[in-house]
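Architecture at a glance
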Amino acid sequence: MYEFESMVTRQRKWMLYFLALMVIGAGFLPYHRVFLGLILGGSVSFYNLWLLQHKTEVLADSFAGSGKKRRGLGTFTRMATAILAVLIAHRYEAYFHIIAVVIGIVSSYFVMALDILFRMIRQRKYKGD
């Protein structure tokens, strides 16, 4: 379980670093709509990442025999929050760039893929030693 917890912590840190960079970009660069869209999408993506990790942990505990019954990983909830973010961006087009919102929504999947890639590279490096 330690492996899962360290992975969760790493991925959350990467997402918070991403969001911090977007806030800095929104504050100092002239592309406010793009960065605000990335912040909106990234915030939704961070929530979806947290929800997926939480539901995965609860599902693993239920399989381990703790007695809690779980049905799924909250796919409908994650889709609903993504749709809500796109609707907000569409309603307030003067503030949010819709394509940036979509890119922000999928940013957690990039973070998960990069985390897996770096982990695989690190494992190969240590196996080679």
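Here, every reference points to the structure presented above.
Residues numbered from 1 in each chain as written. Predicted model: local features only at pLDDT ≥ 70, side-chain atom pairs only at ≥ 80, totals over all residues. Heavy atoms only, no water.

1. Overview of the packing of aromatic side chains
The condition is simple: Any pair of Phe, Tyr and Trp rings, taking the six-membered ring for Trp, is counted once the centres come within 6.5 Å. Such a pair is stacked with planes under 30 degrees apart, edge-to-face with planes over 60 apart, and tilted for the rest. Runs of H or I in DSSP of at least four residues are treated as helices and runs of E of at least two as strands, each being numbered from the N terminus. Summary of the burial criterion: residues with accessible area below 20% of their type's maximum are buried, those above 50% are exposed, and those between are partly exposed, where the area comes from a 1.4 Å probe applied to protein chains only.
Scanning the entire structure with this criterion turns up 2 aromatic pairs. On the basis of an interplanar angle of 45° and a centroid distance of 5.5 Å, the ring pair of Trp14 and Phe118 is categorised as tilted. With Trp14 in helix 1 (residues 2–28) and Phe118 in helix 5 (residues 107–128), this residue pair connects regions lying 104 residues apart in the sequence. Judged by its relative accessible area of 31%, Trp14 is partly exposed. Residue classification places Phe118 among the partly exposed residues on the basis of a relative accessible area of 38%.

2. Digging into the pattern of salt bridges
What counts is decided by this rule: A pair is scored as a salt bridge if a Lys or Arg side-chain nitrogen falls within 4 Å of a carboxyl oxygen belonging to Asp or Glu.
Applying the stated rule across the entire model yields 2 salt bridges. The closest approach of N and O atoms between Glu3 and Arg119, which form a salt bridge, is 2.7 Å. You can see Glu3 sitting in helix 1 and its partner Arg119 sitting in helix 5, a full 116 residues away along the chain. Judged by its relative accessible area of 41%, Glu3 is partly exposed. Among the ionic pairs, Asp115 bridges to Arg10, the shortest N-O distance being 2.8 Å. One end of the pair, Asp115, is in helix 5; the other, Arg10, is in helix 1, and 105 residues separate them in sequence. Its relative accessible area of 21% is what places Arg10 among the partly exposed residues.

3. Things to note about the packing of helix 2 (residues 32–64) against helix 3 (residues 75–91)
The following threshold applies: Helix axes use the C-alpha atoms of the stretch in contact, all axes being lines fitted to C-alpha atoms, and the angles between their N-to-C directions lie in the range 0 to 180 degrees. Convention used here: angles under 35 degrees read as roughly parallel, angles over 145 as roughly antiparallel, angles from 65 to 115 as roughly perpendicular, and any remaining angle as oblique. Note on contacts: a residue pair is in contact if any heavy atoms of the two residues lie within 4.5 Å. Note that Gly is not counted as nonpolar here; it falls among the polar residues with everything else outside the nonpolar set of Ala, Val, Leu, Ile, Met, Phe, Trp, Tyr, Cys and Pro and the charged set of Asp, Glu, Lys and Arg.
Contact pair helix 2 / helix 3: the axes reach a minimum separation of 10 Å and the direction vectors enclose 170°. Put simply, helix 2 runs roughly antiparallel to helix 3. Seen from helix 2, the contacting residues are Leu40, Val44, Tyr47, Asn48, Leu51 and Leu52; seen from helix 3, they are Thr77, Arg78, Thr81, Ala82, Ala85, Ile88 and Ala89. Here the contact of helix 2 with helix 3 is composed, by residue class, of 9 nonpolar, 3 polar and 1 charged.

4. Side note on the nonpolar core
Put simply, the rule is: Buried Ala, Val, Leu, Ile, Met, Phe, Trp, Tyr and Cys residues form a nonpolar core when they are joined through side-chain atoms within 4.5 Å.
Of all hydrophobic cores here, the largest spans 8 residues; its members are Leu40, Val44, Ala82, Ala85, Ala89, Phe96, Val101 and Ile105. Looking at this core, the elements with two or more residues in it are helix 2, helix 3 and helix 4 (98–105). In this structure, Leu40 is in contact with Ala85, Ile88, Ala89, Phe96 and Val101, ignoring residues within four places of it in sequence. Core analysis: the second largest hydrophobic core is formed by 6 residues, Ala26, Phe35, Leu38 and Ala100 among them.

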